Number of protein chains: 2
Amino acid sequence: MIELRKDPISSKWVIINDTRDFQFEVEKFSADDDTSSCPFCPGNEHLIPRPISCYDKNGKKIDVNSKDWALKVIPNNKPILTIEGSILRKAEGIYDKMKGVGAHEILIETPKHKDKFLYKKTSTFITNVLAVQDRINDLRNDTRLEYILVFKSYGKSSGGTVSHPHFQLVALPIIPKSVKDEMTSAKKYYDFKERCLFCDIIDQELSAKTRLVTENSSFVAFVPFASRFPFETWICPKEHSYDFRNINDINKIHELAEITTSVVKRLNRALGNNISYNLMLHSYPLKENKIDYYHWHIEIVPKITKFNGFDLVSGMYVNPTIPEDSAKFLREAE
Amino acid sequence: MIELRKDPISSKWVIINDTRDFQFEVEKFSADDDTSSCPFCPGNEHLIPRPISCYDKNGKKIDVNSKDWALKVIPNNKPILTIEGSILRKAEGIYDKMKGVGAHEILIETPKHKDKFLYKKTSTFITNVLAVQDRINDLRNDTRLEYILVFKSYGKSSGGTVSHPHFQLVALPIIPKSVKDEMTSAKKYYDFKERCLFCDIIDQELSAKTRLVTENSSFVAFVPFASRFPFETWICPKEHSYDFRNINDINKIHELAEITTSVVKRLNRALGNNISYNLMLHSYPLKENKIDYYHWHIEIVPKITKFNGFDLVSGMYVNPTIPEDSAKFLREAE
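A brief look at the structure comes next. What you see as residue numbers is a count from 1 along each chain, following the sequence as written. As a convention, the first chain written is A and the first ligand written is 1, with the rest following in written order. It should be noted that, the model being predicted, local features are given only for residues of pLDDT at least 70 and side-chain atom pairs only at 80 or more, the latter also being counted only at that level, while totals for whole chains, interfaces and linings use all residues. The basis for every side-chain value is the complete set of heavy atoms in the structure, and neither hydrogens nor water enter the calculation.

## Points about the environment of Asn319 of chain A
All names here are of chain A.
- Working definition: helices are DSSP H or I runs of at least four residues, strands are E runs of at least two. Numbering for both runs from the N terminus. Along the chain, Asn319 falls in strand S16 (residues 317-319).
- Accessible area is worked out with a 1.4 Å probe on protein chains only. A residue is then buried under 20% of its type maximum, exposed over 50%, and partly exposed in between. Classification of Asn319 by relative accessible area gives buried; the value is 0%.
- Between the C-alpha atom of Asn319 and that of Val14, which follows or precedes it by 305 residues, the distance is 7.1 Å.
- By definition in these notes, contact holds between two residues if any of their heavy atoms fall within 4.5 Å. Residues in contact with Asn319, not counting those within four places in the same chain, are Val14, Ile15, Ile16, Asn17, Ser227, Arg228, Phe229 and Pro230.

The structure is reproduced here in structure tokens:
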């Protein structure tokens, strides 16, 4: 198949082409086993800044000095943005700039350094959800901030020197262009159809079933029609919801944890154990009020394809696998 | 410095942050020395499709069977798009798709397999320019096509199995989103100011000089204000020109070759010999007529930073070097 498919959300065309030789290079996660110098391990607290908050295994906030934490949030000590100061938007001739103000936090997912395949346990993911919601609630009081990125880079390419399981949160004083593009497409669709684009996508995926990976009563996981990468999988709430913080019923959080761990397990079964991946939360911008056209979701992309320069030069992706094939593979990797 | 800078052309904010530990990992180009099985070497013509066209060292078209070629254009035998058939735009429910119609050509830049540091000679680049212009002239007669990408991926990450010097041309039945974004920003600026955005940028860079790398009478090379990558360098014609094919004066082509080879040499001197890089031509979409707001240019990005997942999850770049520092380094690497 050589086909061009348009992702209705990013408005990007993707080339789907499975006719070329393609060597799968699945990147495996290999943890550094040295716990003595790991700044995230209990006992090495002197190596890291004072925690912002700590949570027990039920996701309940506990004292930041407690030894019984299940998840601990710390500021990144080499942040990509700094929390101090005001934004100071300025011109430099025709250019625009501002101070690099924002938050960069590390969420340490477990005290156990070698908990490599963390998402075996849905309980871990429940704690993650509650901690993220709590951090978003706190940070949205800071009026300088416009958007919060929450993501996990699991594996070598994460760029960090710390292999202890963690994910990251970056709060920005701007809305990234990629999010703006999503909002623009979704808004245009809503203006035209008076329906949420994501809700329509979910309906179609649930009835077509060809790209479906798995579902439960509140969530659906599918391989997107115009996937950029092999085995890319999205998880969406079935009911319209623009804000990740709206998932506040413990049963729903349990279902989200269940479907997310199921997708990660399927990827591992299909592609080999302990694969590297990126997981990212897409939620609505902080200063938007109740919106009808946006729908929060989670995107998971296993690291298989090498960055080959073509996406850089073209802004386009070539996906060497047919999304329907990826989905079938993941459906069967139960 | 921790600063957010907006690229006026892509409308993307870039985080400029040189406060974090950053290990330069300059990727070197290492050629496969086996010429016996190289499909691009003279004598192995049976391994490749019949050439589309051949050029002598002055860029003059010669017989496709000539042995005296300086540059040879062949169809890619595993193309990402296929030249046959009609586009057939179709819906699949709410989705949009079309047949993967387009051209994918390889421009073999020299018969010499081991001509590793090719851009030492400006003459090679002159031939490249004339061949690209000729291919664009030919392909724009195909009314199915909307845009032509011309790029060189020099180094390991190019993804190809062939190390013989070459670059690629991909003709698309759509305008990529990244190009559309450039056009939109440039058009908005033109509507507001009644001047070309690129012309204003060039003026500012020429007078500020802080990001200037080098210039000659027709072209300027500078590190962009909101560079995504360390040592990213753009080459622009000083005079307004939306179409790469407008450079048809041999003296100007010589100047373009001179400045491009100068930039590649400076990158090599500054970062170590035989570095890998991406070079891409940004010209206007095929079906646009004479336009006042777009300005063709060449972007060169050396491969230094690893893909770390953050640009994927955020659609944002973090540049660990200050553009003014990169420019100073390149200015002095004469």
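## Looking at the sheet that holds strand S1 (residues 2-6) of chain B
- As summarised here, the arrangement of the five strands in space is S6(A)-S7(A)-S1(B)-S2(B)-S16(B), forming an open sheet in which the pairing is mixed. A strand with exactly one partner marks an edge of an open sheet, and here the two such strands are strand S6 (90-92) of chain A together with strand S16 (317-319) of chain B. Across this sheet, the average inter-strand angle for adjacent strands is 30°, counted without regard to direction.
- Note: strand S7 (residues 95-99) of chain A against S1 of chain B, four bridges, orientation antiparallel. Counted as the bridge partner of Lys99 of chain A is Glu3 of chain B from S1 of chain B. Think of it this way: DSSP has to see at least two bridges between two strands before they count as a pair. Axis definition: a line fitted to C-alpha atoms, limited for helices to the stretch in contact. Angles are taken between N-to-C directions and run from 0 to 180 degrees.

## Focus: the sheet that holds strand S7 (residues 95-99) of chain B
- Here we have five strands laid out as an open sheet, ordered S16(A)-S2(A)-S1(A)-S7(B)-S6(B), and mixed in their pairing. Each having just a single partner strand, S16 of chain A together with strand S6 (90-92) of chain B make up the two edges of the open sheet. The average undirected angle you get between the axes of adjacent strands in this sheet is 30°.
- Where strand S1 (residues 2-7) of chain A meets strand S2 (residues 12-17) of chain A, six bridges bridge the pair, whose relative direction is antiparallel. Its bridge partner being in S2 of chain A, Arg5 of chain A is matched across the sheet by Val14 of chain A.

## Quick notes on the state of the cysteines
Residues and elements named next belong to chain B.
- Cysteine sulfur atoms that pair up within 2.5 Å are treated as a disulfide. Counting across every chain of the model gives zero disulfides over all chains.
- The thiol of Cys199 is unpaired, and the distance to the nearest cysteine sulfur, on Cys196, comes to 3.7 Å.
- Taking relative accessible area as the criterion, Cys199 reaches 21% and is therefore assigned partly exposed.

## Notes on the interface of chain B and chain A
- With 68 residues of chain B at the interface, the matching set in chain A holds 68 residues.
- A simple way to read buried area is as the amount of 1.4 Å-probe accessible surface that goes missing from two parts once joined, with both sides added. Interface of chain B and chain A: buried area, both sides summed, is about 5,900 Å²; carbon and sulfur atoms make up 65% of it.
- It is Ile80, Tyr95 and Lys177 of chain B that lose the most area in chain B upon contact with chain A, and together they represent 12% of the buried surface on that side.
- By convention in these notes, a salt bridge is any Lys or Arg side-chain nitrogen within 4 Å of a carboxyl oxygen on Asp or Glu. Scanning the region where chain B abuts chain A turns up four salt bridges.
- The partner of Asp181 of chain A in a salt bridge is Lys177 of chain B, and the shortest N-O contact between them spans 2.8 Å.
- Here a polar contact means two N or O atoms within 3.5 Å. Within protein one must be a hydrogen donor candidate and the other an acceptor candidate, and residues neighboring in sequence count only if both atoms are side-chain atoms. Inspection of the chain B/chain A interface yields 22 residue pairs in polar contact (both at pLDDT 80 or more).
- Tallied by class, residues from the side of chain B that touches chain A come to 31 nonpolar, 19 polar and 18 charged. Only Asp, Glu, Lys and Arg are considered charged in this grouping, and only Ala, Val, Leu, Ile, Met, Phe, Trp, Tyr, Cys and Pro are considered nonpolar; every other residue, Gly among them, is considered polar.

## Considerations on the relation of the copies chain B and chain A
- Superposition of chain B onto chain A requires a rotation of 180° combined with a translation of 0.0 Å along the rotation axis, giving an RMSD of 0.0 Å. Such a combination of rotation and displacement between the chain copies is what one expects of a two-fold axis.
- Of the residues that chain B buries at the interface, 100% are likewise interface residues in chain A, meaning the two copies contact each other through the same surface. The least-squares superposition of copies is restricted to C-alpha atoms, and to residues with a pLDDT of at least 70 in both copies.

## Side note on the side chain of Thr260 of chain B
All names here are of chain B.
- Topologically, Thr260 is positioned in helix H4 (residues 250-271).
- Polar contacts involving the side chain of Thr260 include one to the main-chain carbonyl oxygen of Leu256, which spans 2.7 Å.
- For Thr260, the residues in contact, after removing those within four places along its chain, are Phe125, Ile235, Leu279 and Ile300.

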